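Tertiary structure, described
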Amino acid sequence: MKKINILVTTVGGLTSPDILKAYKDLDEYDVTIVGTDAFEFAVGKKFVDVFRILPYSGADELGFAQGIEDLIQEHDIDIVIPCGNEDNLALAKYKNLLSSRVMVGEYDSLIEAYDKGKVYDELKKSAPEYAPKYHIVNDYQNFLKAVENLGYPDKRVVVKPRFGRGGRGVYVLSNQFNFENIFKSKPINEYPFEFLDSILKDQNKFNDLIVMEDLSDPYHSIYSICKDGENIFTLNHIREWGDASQTFRGKVFYDEEIEKLASKIIKTFNLSYTNNMELAMSEDGRMVLFDLNPRIGASSGIDKDIGFNFPLESLRLTLGESVSVDKSKFVEPRIFLRYFDHVWI
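What this report covers is the structure whose coordinates are included nearby. (Residues numbered from 1 in each chain as written. Predicted model: local features only at pLDDT ≥ 70, side-chain atom pairs only at ≥ 80, totals over all residues. Heavy atoms only, no water.)

A word on the overall build of the chain
Counting secondary structure elements, the chain contains 10 helices and 16 strands. Expressed as lengths along the three principal axes of its C-alpha atoms, the size of the chain is roughly 60 × 45 × 40 Å. In the chain, which comprises 345 residues, the share counted as buried stands at 53%. By element, 49% of the accessible surface of the chain is carried by carbon and sulfur atoms, the whole surface being about 16900 Å². One way to put it: in the chain the 41 positive side-chain charges average out to a point 1 Å from where the 55 negative ones average out. (Helix = DSSP H or I, 4+ residues; strand = E, 2+ residues; numbered from the N terminus. Buried < 20%, exposed > 50% of the residue type's maximum accessible area, 1.4 Å probe, protein only. Areas by Shrake-Rupley, 256 points an atom, 1.4 Å probe, with all protein chains shown as cover. Lys, Arg positive; Asp, Glu negative; His and termini not counted. Charge placed at Lys NZ, Arg CZ, Asp CG, Glu CD.)

A few points about unusual backbone geometry
Omega for the peptide link from Tyr152 to Pro153 comes to 15 degrees, which places this bond in the cis form. Residue placement: Pro153 occurs in the loop between α6 (140-149) and β7 (157-161). At the junction of Asp217 and Pro218, the peptide bond is cis and its omega measures out at 0 degrees in the coordinates. You can see Pro218 is positioned in strand β11 (residues 216-227). The phi angle at Asn270 is positive, at roughly 50 degrees, despite the residue not being glycine. Non-glycine residue Tyr273 carries a positive phi angle of around 75 degrees. With respect to the helices, strands and loops of the structure, Tyr273 is situated in strand β14 (residues 273-281). Note on Tyr273: relative accessible area 10%, which makes it buried.

Notes on the sheet that holds strand β2 (residues 29-37)
Within a sheet, neighbouring strands are paired by backbone hydrogen bonds and run either parallel or antiparallel to one another. In space, the 5 strands of this open sheet follow the order β3-β2-β1-β4-β5, with parallel pairing throughout. The open sheet has two edge strands with one neighbour each: β3 (50-53) and β5 (101-102). With 3 bridges joining them, strand β1 (residues 2-8) and strand β4 (residues 79-81) adopt parallel strand pairing. Bridging from a neighbouring strand, Leu7 pairs with Val80 of β4. (Pairing = 2+ DSSP bridges.)

Quick notes on the packing of aromatic side chains
If you walk through the whole model with that rule in mind, you get 16 aromatic pairs. Between the aromatic rings of Phe143 and Phe193, the centroid separation amounts to 6.1 Å while the plane-to-plane angle is 10 degrees, which identifies the pairing as stacked. Taken together, the residues span a long stretch of sequence, with Phe143 in helix α6 and Phe193 in helix α8 (residues 193-200) at a distance of 50 residues. Judged by its relative accessible area of 0%, Phe143 falls in the buried class. According to the relative accessible area criterion, Phe193 is buried, its value standing at 16%. (Phe/Tyr/Trp six-rings, centres within 6.5 Å; stacked < 30°, edge-to-face > 60°.)

Some points on the sheet that holds strand β12 (residues 230-242)
One open sheet holds the 6 strands; their spatial order is β15-β14-β11-β12-β13-β16, and the pairing between them is antiparallel. Edge positions in the sheet fall to β15 (287-293) and β16 (334-337), since each of these pairs with one other strand and no more. When strand polarity is set aside, the average angle formed by the axes of neighbouring strands in this sheet is 30 degrees. The strands touched by helix α10 (residues 310-318) within the sheet are β11, β12 and β14, with β11 carrying the most contacts at an inclination of about 30 degrees. (Axes fitted to C-alpha atoms, helices over the stretch in contact; angles between N-to-C directions. Contact = heavy atoms within 4.5 Å.)

Describing the packing of helix α2 (residues 61-75) against helix α3 (residues 85-93)
One way to put it is that α2 packs onto α3 with a least axis distance of 9 Å and a crossing angle of 75 degrees. Compared by their axis directions, α2 and α3 come out roughly perpendicular. Across the interface between the two elements, Glu61, Phe64, Ala65 and Ile68 from α2 touch Asp87, Ala90, Leu91 and Lys93 from α3. For the contact of α2 with α3, the per-class residue count stands at 5 nonpolar, no polar and 3 charged. (Parallel < 35°, antiparallel > 145°, perpendicular 65-115°, else oblique. Nonpolar A, V, L, I, M, F, W, Y, C, P; charged D, E, K, R; others polar.)

Overview of the nonpolar core
Ile6, Tyr23 and Ile81 are the most contacted members of the largest nonpolar core, which totals 37 residues. Broken down by element, the residue count for this core peaks at 4 residues, all from α10. Listed in part, the 30 residues of the second largest apolar core include Tyr134, Ile210, Ile258 and Ala280. (Core = buried A, V, L, I, M, F, W, Y, C linked by side-chain atoms within 4.5 Å.)

Notes on the pairing of β14
Extensive coverage of β14 is indicated by the burial of 9 of its 9 residues. Where β11 lies against β14, 8 bridges are found, and the strand directions are antiparallel. Note that in β14 the partner of Ser221 across the bridge is Glu278. Two elements, β14 and β15, share 6 bridges in a ladder whose sense is antiparallel. Each bridged residue has a counterpart across the sheet, and for Asn276 the counterpart in β15 is Asn293.

See below:
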């Protein structure tokens, strides 16, 4: 059994244990995991062999990268695996400072892939059937025009930052409110037009916002493994129950058409290793891609239970090994349920 030391960043996510478990109990590798997070109480600290707190990469990219290199030296790390969006960008940017392999693509490719405007523009050109209806705005008058053009108030409209990540700053504009859905439902990011209007109307200019059509079920969260822009395999997760960040009941299966779409995006943005894309249904019945996460997705770790271990196979790619998969094994849908557990600290 080959001994290997890996360093996994941002181990504090709710689904981080999925990916950490996927690196353990392997037949061919004896894996030691060093985990990092900016938060002392990151749940992943209970699922790694060594835990260290590092600066938040979104606020101090260089300090974060230097902290990673210190851990590489201290623990003889073979591979660094960034699991947060900001970690991904920071380590791609300062990859030349690191003395181990890093499971990360090229910085310029990642910057483009994290740009929702670029992703949607590319979809309009190369795969228009999967492109949402959207506008990019950075002033109040164009914001008003975009909202009207997309049919508000008769239709719900989504407003979000062009460069936002992790569901932050995403709002749904709606005028369909009543006592029941306000006081008998859990709060959601759904607001009347007046909410954003009061914030934006006094701004001459603001950072780019995307105003786009609202999408509906079914939501697809797809995971791919790839190298240098070539897709190897994509699995489709349909969210049957959950929220924008987590799936609590999901159906998993191989879908050739969805894999073809993933392959187009992966080739366009020259992606490597694993990534996650989010799709949902438009009003006119099309499956639309609305989010691209060019990094390993923690939830992809659960697929090891049905025969494909995304974290392990991406590890192989980083080591320069080949990956093969029998796609026919995944045609029959499988359903998973996810519930909270707990750990003592």
